[in-house]
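Residues per chain, in single letters:
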Amino acid sequence: MSERVKTGLANQPKSDYWRQSLFWLFSILLAGITGCSSAPDQFGKLDIKKWRGDRGGCNGVRDRILPDFKAEIQHLKGKSANEIGELLGRPDINQIADRNQKFYIYFLEKGPQCDQAGAKSNSRSVAIRMSAIGLATEVTFQNGIP
């Protein structure tokens, strides 16, 4: 029995088989290239590169670009937790709340969190509430964590 009959391709011409194989190969490569793209440097008015570069708000950059962040709050709502993480970078604190909700907390100014990771801090921060299905539903500002 020929190899083509064993694999179920007996009715397909050999050129169709290769054409179909190349189509799937290019589709997988294209998905891999577009799926691995880096996060943008701008999100509306907000300079994402500066925001991500000021981990913990320790350099005061987040505080200086806060008006730009506030201008984009409505565009953050409805984004998935993964999209928020890609845009704003890993949160300074990832807090689990009741009913499968969580908060992504980003500090806006220098405080104890800069000297010792995990230290309790009352520095100004922004919290993005994620719903149980992983979508941003609320953005609040406070001192410390909510």
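Being a predicted model, the structure only gives us computed values, none of them experimental.

Chemist: Explanation requested: the overall build of the protein chain in the structure shown.
Modeler: Of regular secondary structure, the protein chain possesses eight helices and six strands. Scanning the protein chain from its N terminus toward the C terminus, one meets helices and strands in the order α-α-β-β-α-α-α-α-α-β-β-α-β-β. Counting only residues that meet the buried cut, the protein chain has 32% of its 146 residues in that class. Put simply, the protein chain shows about 9400 Å² of open surface, and 55% of that area lies on carbon and sulfur atoms.

Chemist: Looking at this model, I keep getting lost on the pairing of strand E3 (residues 93-96). Mind explaining?
Modeler: A regular strand places its side chains on the two faces of the sheet in alternate fashion. Taken together, the four bridges between E3 and strand E4 (residues 102-107) define a ladder with antiparallel strand orientation. Across the sheet, residue Gln-95 finds its bridge partner in E4, namely Phe-103. Between the antiparallel neighbours E3 and E4 lie five residues, among them Arg-99 with a positive phi of about 55 degrees.

Chemist: Is there a simple way to think about the sheet that holds strand E6 (residues 136-143) in this case?
Modeler: Each strand in a sheet pairs with its neighbour through backbone hydrogen bonds, running either in the same direction (parallel) or in the opposite one (antiparallel). Read from one edge of the open sheet, four strands run E3-E4-E5-E6, paired in antiparallel fashion. Of all strands in the sheet, those bounded by a partner on one side alone are E3 and E6. The sheet shows a mean angle of 25 degrees between the axes of neighbouring strands, direction not considered. The strands that helix H7 (residues 81-88) touches are E4, strand E5 (124-130) and E6; relative to E4, the one it contacts most, it runs at about 10 degrees.

Chemist: Which parts of the structure should I look at to understand the pattern of salt bridges?
Modeler: Oppositely charged side chains are able to pair whenever their charged atoms sit close together. Scanning all chains against the criterion turns up seven salt bridges. Here Glu-138 ties to Arg-129 by a salt bridge, and the two come within 2.8 Å at their closest N and O atoms. Ionic contacts of the salt-bridge type, sharing partners, join the residues Arg-55, Arg-62 and Asp-92 into one network.

About the thresholds
- Residues numbered from 1 in each chain as written.
- Predicted model: local features only at pLDDT ≥ 70, side-chain atom pairs only at ≥ 80, totals over all residues.
- Heavy atoms only, no water.
- Helix = DSSP H or I, 4+ residues; strand = E, 2+ residues; numbered from the N terminus.
- Buried < 20%, exposed > 50% of the residue type's maximum accessible area, 1.4 Å probe, protein only.
- Areas by Shrake-Rupley, 256 points an atom, 1.4 Å probe, with all protein chains shown as cover.
- Pairing = 2+ DSSP bridges.
- Axes fitted to C-alpha atoms, helices over the stretch in contact; angles between N-to-C directions.
- Contact = heavy atoms within 4.5 Å.
- Salt bridge = Lys/Arg side-chain N within 4 Å of Asp/Glu carboxyl O.

So yeah, pure geometry; function would need other evidence.
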